Structures are given as structure tokens and as C-alpha cells.
There are 2 protein chains.
Amino acid sequence: MASDGAAPNAGKPSEGDFHSYFCTYEFIYHQKQMIEDQVRTGAYHAAIMRNKHLFKDKVVLDIGAGTGILSIFAAKAGARKVYAVEATAMAERAKLIIAANGLDGQIEVVRTMVEQLELEEKADVIISEWMGYMLLREAMLDSVVKGRDKWLKEGGVMFPSHANVYLAPIRWGTHERQSDQHDDAIEDWYGFVDETKALYDLDLNCLNEQFEEETKEYFLQTSHWCELEKHHMVGPATKINSLDLRSCSVDDIQELRSEFELSVTAPGTDHIQGMVGWFDVDFDGSDQNPVEEKITLTTGPGPRAEQTHWGQMAFLLHPPLPVSSGGKIKGSARIYKRGDNMRLLGMDSSLKVEKPDGSAGEARKVKWNVD
Amino acid sequence: MASDGAAPNAGKPSEGDFHSYFCTYEFIYHQKQMIEDQVRTGAYHAAIMRNKHLFKDKVVLDIGAGTGILSIFAAKAGARKVYAVEATAMAERAKLIIAANGLDGQIEVVRTMVEQLELEEKADVIISEWMGYMLLREAMLDSVVKGRDKWLKEGGVMFPSHANVYLAPIRWGTHERQSDQHDDAIEDWYGFVDETKALYDLDLNCLNEQFEEETKEYFLQTSHWCELEKHHMVGPATKINSLDLRSCSVDDIQELRSEFELSVTAPGTDHIQGMVGWFDVDFDGSDQNPVEEKITLTTGPGPRAEQTHWGQMAFLLHPPLPVSSGGKIKGSARIYKRGDNMRLLGMDSSLKVEKPDGSAGEARKVKWNVD
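Position numbers for residues start from 1 in each chain and track the written sequence from start to end. Ligands are numbered from 1 and chains lettered from A, in the order in which they are written. In keeping with the predicted nature of the model, local features appear solely for residues at pLDDT of at least 70, side-chain atom pairs appear and are counted solely at 80 or more, and the whole-chain, interface and lining totals rest on all residues. To get the side-chain values, take all heavy atoms of the structure and skip hydrogens and water.

The name given to chain A in an unreviewed UniProt entry is Protein arginine N-methyltransferase domain-containing protein, and the organism recorded there is Prasinoderma coloniale.

What follows is about the overall build of chain A. Scanning chain A from terminus to terminus reveals eight helices and 15 strands. Taken over the C-alpha atoms alone, chain A extends approximately 75 × 60 × 35 Å along its principal axes. Among the 371 residues that make up chain A, the fraction classed as buried is 60%. Two residues qualify as a contact provided that any one of their heavy atoms is within 4.5 Å of a heavy atom in the partner residue. A separation of at least 24 residues holds for 75% of the contacts in chain A among residues at least 6 apart in sequence. Helix numbers and strand numbers start at the N terminus; a helix is a DSSP run of H or I with at least 4 residues, a strand a run of E with at least 2. Relative accessibility thresholds used throughout: buried, under 20% of the residue-type maximum; exposed, over 50%; partly exposed, between the two (1.4 Å probe, protein chains only).

Moving on to the environment of Thr88(A). Residue and element names in this part refer to chain A. Examined against the element boundaries, Thr-88 turns out to sit in the loop between strand E2 (81–85) and helix H5 (90–100). In this structure Thr-88 comes out as buried when scored by relative accessible area, which is 7%. In sequence terms Thr-88 and Met-113 are 25 residues apart; their C-alpha atoms lie 8.7 Å from each other.

Residue and element names in this part refer to chain A. For the domains described, the bounds stem from an automatic or database domain assignment. Domain boundaries assigned for chain A yield domain 1 (15–129) and domain 2 (164–171 + 224–370). Domain 1 and domain 2 are separated by 29 Å when their C-alpha centres are compared. Each partner contributes to the interface: domain 1 provides 13 residues, whereas domain 2 provides 15 residues. Buried area, as used here, totals the accessible surface that two parts lose on assembly, with accessibility defined by a 1.4 Å probe and the loss added over both. Here domain 1 packs against domain 2, burying approximately 1,200 Å² in sum over the two surfaces, 65% of which is carbon and sulfur. By definition, a salt bridge exists where a carboxyl oxygen of Asp or Glu is found within 4 Å of a side-chain nitrogen of Lys or Arg. Summed over the shared surface of domain 1 and domain 2, the result is one salt bridge. With a closest N to O distance of 2.8 Å, Arg-50 and Glu-293 form a salt bridge. We call two N or O atoms a polar contact when they sit within 3.5 Å, provided that within protein one can donate a hydrogen and the other can accept it, with sequence-adjacent residues counted only if both atoms are side-chain atoms. Run the count over domain 1 and domain 2 and you get five residue pairs in polar contact (both at pLDDT 80 or more). The element best represented in the side of domain 1 that touches domain 2 is helix H3 (residues 38–49), accounting for six residues.

All names here are of chain A. When DSSP finds two or more bridges between two strands, those strands count as paired. Reading across the sheet, the four strands line up as E9-E13-E14-E15 and stay open at both edges, with antiparallel pairing between neighbours. Looking at the sheet topology across the chains shown, the edges are occupied by strand E9 (255–263) and strand E15 (360–370). Each strand axis lies, on average, 15° off the axis of its neighbour in the sheet, ignoring direction. Angular values range over 0 to 180 degrees, each being the angle between N-to-C directions of two axes fitted as lines to C-alpha atoms, with helices fitted over their stretch in contact.

With that settled, the discussion passes to the environment of Ala360(A). Residue and element names in this part refer to chain A. With respect to the helices and strands, Ala-360 occurs in strand E15. Here the alpha-carbon distance between Ala-360 and Lys-330, two residues 30 residues apart in the chain, equals 9.3 Å. Apart from the residues lying within four places of it in its own chain, the contact partners of Ala-360 are Lys-352, Val-353 and Glu-354.

Before going further, it helps to examine the pairing of strand E5 (residues 152–159) of chain A. Residues and elements named next belong to chain A. For E5, the buried fraction is high: six of the eight residues fall into the buried class. The pairing of strand E4 (residues 123–128) with E5 spans four bridges and is parallel. Residue pairing for E5: Ile-126 is matched across the bridge by Met-158. Orient the strands so they point away from the viewer, and a crossover whose first-strand-to-second-strand path over the helix runs clockwise is right-handed. Chirality of the crossover, the property in question, places the unit of E4, helix H6 (residues 141–151) and E5 among those that are right-handed.

Another aspect to go through is the packing of helix H8 (residues 208–219) of chain A against helix H2 (residues 28–35) of chain B. Where H8(A) contacts H2(B), the axes come no closer than 9 Å and their chain directions differ by 115°. Classified by the angle between their axes, H8(A) and H2(B) sit roughly perpendicular to one another. Where H8(A) approaches H2(B), its residues Gln210(A), Phe211(A) and Glu214(A) are matched on the opposing element by Ile28(B), Tyr29(B) and Lys32(B). Polar here means any residue other than Ala, Val, Leu, Ile, Met, Phe, Trp, Tyr, Cys and Pro, which are nonpolar, and Asp, Glu, Lys and Arg, which are charged; Gly is therefore polar. Of the residues assigned to the contact of H8(A) with H2(B), the class counts are three nonpolar, one polar and two charged. When describing relative orientation, an angle under 35 degrees is termed roughly parallel and one over 145 degrees roughly antiparallel, while 65 to 115 degrees is termed roughly perpendicular and anything else oblique.

What follows covers the side chain of Lys32(A). Topologically, Lys32(A) is positioned in helix H2 (residues 28–35). Beyond its immediate stretch of four places on either side in the chain, Lys32(A) contacts Asp188(B), Trp189(B), Phe192(B) and Phe211(B).

We now examine helix H6 (residues 141–151) of chain B. Residues and elements named next belong to chain B. Taking burial as the measure, the 11 residues of H6 include eight buried ones, the bulk of the element. Three or more residues of H6 are buried, namely Leu-141, Asp-142, Ser-143, Val-144, Val-145, Gly-147, Arg-148 and Trp-151. In this structure, the buried side of H6 is in contact with strand E1 (59–63), strand E4 (123–128), strand E5 (152–159), strand E8 (238–244) and strand E13 (328–338).

What follows deals with the packing of aromatic side chains. Geometrically, a pair of aromatic rings is defined through the distance of the ring centres and the angle of the planes. Any two of the Phe, Tyr and Trp rings considered here, Trp counted by its six-membered ring, make a pair once their centres fall within 6.5 Å; the pair's planes then place it as stacked at under 30 degrees, edge-to-face at over 60, or tilted in between. Under the definition given, this model contains 20 aromatic pairs over all chains. Considering the side-chain rings of Phe73(A) and Tyr200(B), the 5.6 Å spacing of their centres and the 50° angle between planes classify their relative orientation as tilted. A residue pair is termed interchain when its members come from two chains, as with Phe73(A) in helix H4 (residues 69–76) and Tyr200(B) in helix H7 (residues 174–200). Residue classification places Phe73(A) among the buried residues on the basis of a relative accessible area of 0%. What makes Tyr200(B) buried here is its relative accessible area of 6%. A centroid spacing of 4.7 Å and a plane angle of 70° characterise the contact between Tyr218(B) and Phe219(B), whose relative ring orientation is edge-to-face. Take Tyr218(B) and Phe219(B): they sit in the same class, and that class is buried. Members of the aromatic cluster, connected to one another through ring pairs, are Tyr44(A), Phe55(A), Phe159(A) and Phe283(A).

This is the structure:
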């Protein structure tokens, strides 16, 4: 069974083998995917280039610089000095790109984790693109906040300066497919148990409950990356969390808790199949150094042309939650780092339907992995 | 760019996210996939149950026991005592299964790496299913050989006892698709470079060569998991390596080197598109304790019903190698653990075509990653 020494993937490979190959920040392909996300790169570009007064003759710190593209924008906006901090081997490529663009006089690439960073001066501005799925996945914000506390001048600018998390009720066809796949996997298991008994006189019924748990967690309690459009939403978005990145502490971002209310407004709705979650970030500058033009990078449902590589996360409800047009859902949510892998997230939620007549249903507790 | 702290996968997820989830030996789903591979499980079952004389009243060591299925077979064949050694949490499930099958009197699950194993007695038989793609992927054989040297009695039985690696010349439609995808990726890169210049006044031409290298390695120099049928082969299989698992040393298996000859026999062939590689293992017993019935587990191309979860590995040649029916290829190969990840393999090869008239072409040197 090849399991000694914890070596994964002796089984039939899938897309996953290819995925793993490109799935690190050390591959150019992956950096390309991020740069060619025009909503993302365009928002940073606009936020910097349309607010040059914040960069002119200033010291800038780029945390997690990757190819150095944000550092280059800052230098082009007139920064006196940019420190591009990057821990992976991509730092070496950033040096190449910066030199090829004639900016090595202004930008210094520092290959280190930001926690180990040593600088000769503090920064006027920190730029960073640290956001993961549902904002916090990857847990990079911790590093950015630590970098801010140590290296940003009093009154300095965080770019972005604010982040917000949203939820909205949805109906989405994938709901049924997931439910069917779950049912098929369970049926397949019992066929497998019978066959194993017949072929090898081996009784595996003792694993039934554990297999059902595992299968439920995989198919029904794992959030889905998606690119929804507005018509999937059966009610408006509700902001469930806001972070002021100029002042939030590391403690503040270990988990995000919220109480919220979702309205179901789409005519003819009698149930929702789940919720969709996303984030946006604002580039407002600081009180002492505000922007002239406000830019927002949003990752919510919308036309295809406005989609980002982050997509959204769908949190599906099995069974669907009966709630009619005009009804409301009172909810609470906790988004947290998972114990098994601190880069991954979990979301625990409690949802209670309020009917149009004001009567309330029972609270349903649900939880999802955000892998 | 979210690259500080080496957090993968901020980008658009694919099958890979789901793959990663199940892709560990701690998931029942994965163990199920292996058990329901009837070629694999059936071969171990037959080798043990049809050679009960090797197990009756004996001490057996199962290295990398997983769910404990091989230990159960050994116990059912009459073993006095089976030590089921498993390092992952699957060991806890093995205990459940063994108890549920009423064999906890005979089988003791030991949760440890085999390198840290301490036993009160040596074993008469070692059973293990340690094989990965192209035999050596996952590098688990090292642990099995170390376990053998420390815990197998003189003249004891290794199950399996021998392993062989094969190559055969192929034509396979995926060849063209890979080549097209490679070309598309390169074309896409240059479009991206132009667009990045136009949108952000950023010149990325300095990465062209590195991107081409990365893309070539991914699309053209990575072997492919496949389930070929015999008609894909344009010549017979050649055994390129043999290991005697009763005597090979850890040094012997750090890399496999071979000189070989491939014959191209399919009528009308004027080129080959690559080679397919696979392995088989034999259960012969030892000189002192031979089997009564010889069983072989083979993973080569064949009818769908005889395919295993290992499939085969295709090593594609870009461009194809011109060689006609009746021609031969003189080759050498080196299969080795890769420096970037010792669980993964590389294969370097040199291939020289000998025409039917005896004249020889130039040697072409090729290398592949076996991910």
C-alpha cells in the first residue's frame, strides 16, 4: 500500500499531478497567471499611478514581491527607493526584470522572509498583494502586518488600506451535482465492501461510518471555487467583515467572526442552495496621506470580463435551506485557520431563517473547509 | 503576488485542489482505490493464499501495511504472528479492520517508520507493496530493503522477490496534443508580454528564454501516466532492469542504469513517438523456501480489464524519432531520484537508430521528469 514514509499519490494521477507542477510561486507560469489578471494588476496599477503624490521621492516596501511588478509601478510613480522583499527563488527573476526595465537604481530586491528583514530605513508606503481565497487563505496577511508594525513610518500608507468580506445567498446548479456525486460515492463504497468480502473474504464494514464522514466532508462540506454571475445571487450581498489594514493587529486576523443578515429578494424563490463569499480591498491611503483617486479591487460575482483569478467561494447547503422571497436569514460565521494546515481555512456558520411573517425557524449549524 | 512565505495556489484552482485532498494515504478513499485494483490485490492474494506453506506458523512482517489487508491475507494463510508496520494514521484504521475480522490475536499493528522499528523476533517472510510509477517512484523500496537487512531471517522470503522494468516503442495520439499545447503556451506567452508592455509599460522579454525552458520541461519533458493497449506498441517490450529483492542493496537502487535495444516491428512504421515504461514483480520465494505456484503482478499495456492503478509511463519524443519497421534503437537509460524531490524520478536516455541496412544514426539525448 506504499504508505510507509508518507509518500502521496501512488494512485492514478489526475490533473492534480500537473497542477502540483505549476502550483508554486517559483514558476513563471504561475506569476503570469497573476499578472494577466487585469482586474488585479490593473487595480494596483491604477491605485499607484493615479496617486503618484504618495510615491514621489518616497521609500516603499513591497512585501512578497514575486516578479517585482508592484515595485516597478512604485518606481515609475517616482519612489526614491523601493525594497522588493521576496522569499522564493522568484526574487532572482525579479532582479532580472527590474534591471531589464532600467529600474535597478531605484529598486533593491531583498531575498528573505519579511520576518527576517533588516532595512536601513523605515518605509513611507507598504504595497503588497497578500490576499487568498476568502481573503485570509494562505495566511500571508500575518507577515504583512508584522512588516507594517516594524517597518512602516507613523502615518505611512498601506496599499491596500482596507479589506472587506461579503456573503450573498445563491442558487447554483453545482449544488445538485455535488449531492449526486456524494450519493454515488457512498453507493460505490457499499459495492466495494461487498466485492472485497466476496473476493478476499475481508470485511470492511467497520469503516462505513468513517468513509461516510470523509465523503460528506469532501463533497458536501468543502467550499467551491467558482466564477458566479449576479443572476446566481437570490439576494444582495452583505458585508460580514471589515479590516482596517492600517491598524489591525495580528490577533485581530487570526479568525474573523461576524453576525449578519441575508435578505432573499429574487421573485419566486422558495429555497437557497448556499452562499457565495468574496472580498474586496480599497486603496484609500492614510489619514495623513490620503489618495486623490480611490480605487477598489473587487472579486465578487459579475460579468465574465470582470472576474479575477480568485473567483469566489461557494458554500453549499445540503439539504437546501427553505427560505422564500421576502424572507431573511440571521447568520453568524467564523472564518479560521485550520488546525491541520494553517494556510487553509475553515468556516463555521449558523443560519436561522426568518419568514416574512417574522416567525423564525431552527438554527442550522454548518461547517466547510476552504481548501 | 502573495509569494512571501511560500504559500502555493492563490491562483485559480483546478482538479488539483480536490486531488490534493484525497491524495494522501490517510484517506480511506485512497486506500479503497488501491484495494479495488484487482490486478494488484488479486496478485498478492493469490501469491499468499496459493503458497500457504510459506506462511503456516511463520512470523511475517508487513512493511507499509496501510489498511492491513496483506497482513490479513498472511494471517488467513496461517501465520503465527504478523507485524503490520504503518507510519501514518491509517494504522489506527488497520487496527479496527483487523479486530473486525477477528484477527487481532495474530496481527499486531505497529505504528512507526520501519527504520525505527523494534521487534522481539526476526521474520520468516516480508510482505510489502512498495511500488510506485516506473517501479521506484516514492522511494519506498529503500525502507523495505533496510527492513529486510535488519529483520528478515537468513533464507527468509521476500514477497515480492523480484522486480523488472520494461520499455517498448510506441505511437500514441497524445504526442501531438502535447506538442500543440506546448506551441500554444509559447504563443500565449508572447501575447502576454506584448499586452503587459501595452497595459503597464512593463517589459518582460528578459524572461522569454526561461519561460520557454519551463514550458518545454512541462509539456515535452514530463512523462505521462497512461493506460495503453498493446496496439499502441510498435515493437516488443524490452526488459531494461531486474532487481533481486532478496539481495539488492540500498546502493543498488539509488538509480537504475541500463543499456538496451528496442525493435520496431509494426508494419508500415516510419517513426516512433516515444516509449512506454512499466514494471512487474514476481513472487518466487527464496532458494530455501520456494513457492509452489508462481504469481506475477504485471502493469504493462493490455486489455482494459487488466489495467492497474499504476498504469504505465509514456516518455514522448519531440520531434518523433524516424525509425522504420525492421529497424532497431540502441538505447541507454538512467532512472534516478530527482534532486528537487527525492520521491520523484527523472529518466535520462540516449537513443540511436540502427537502420535495417545496419547503418546508424546520431545519438539523441533526452530527459524526462517522472512526477
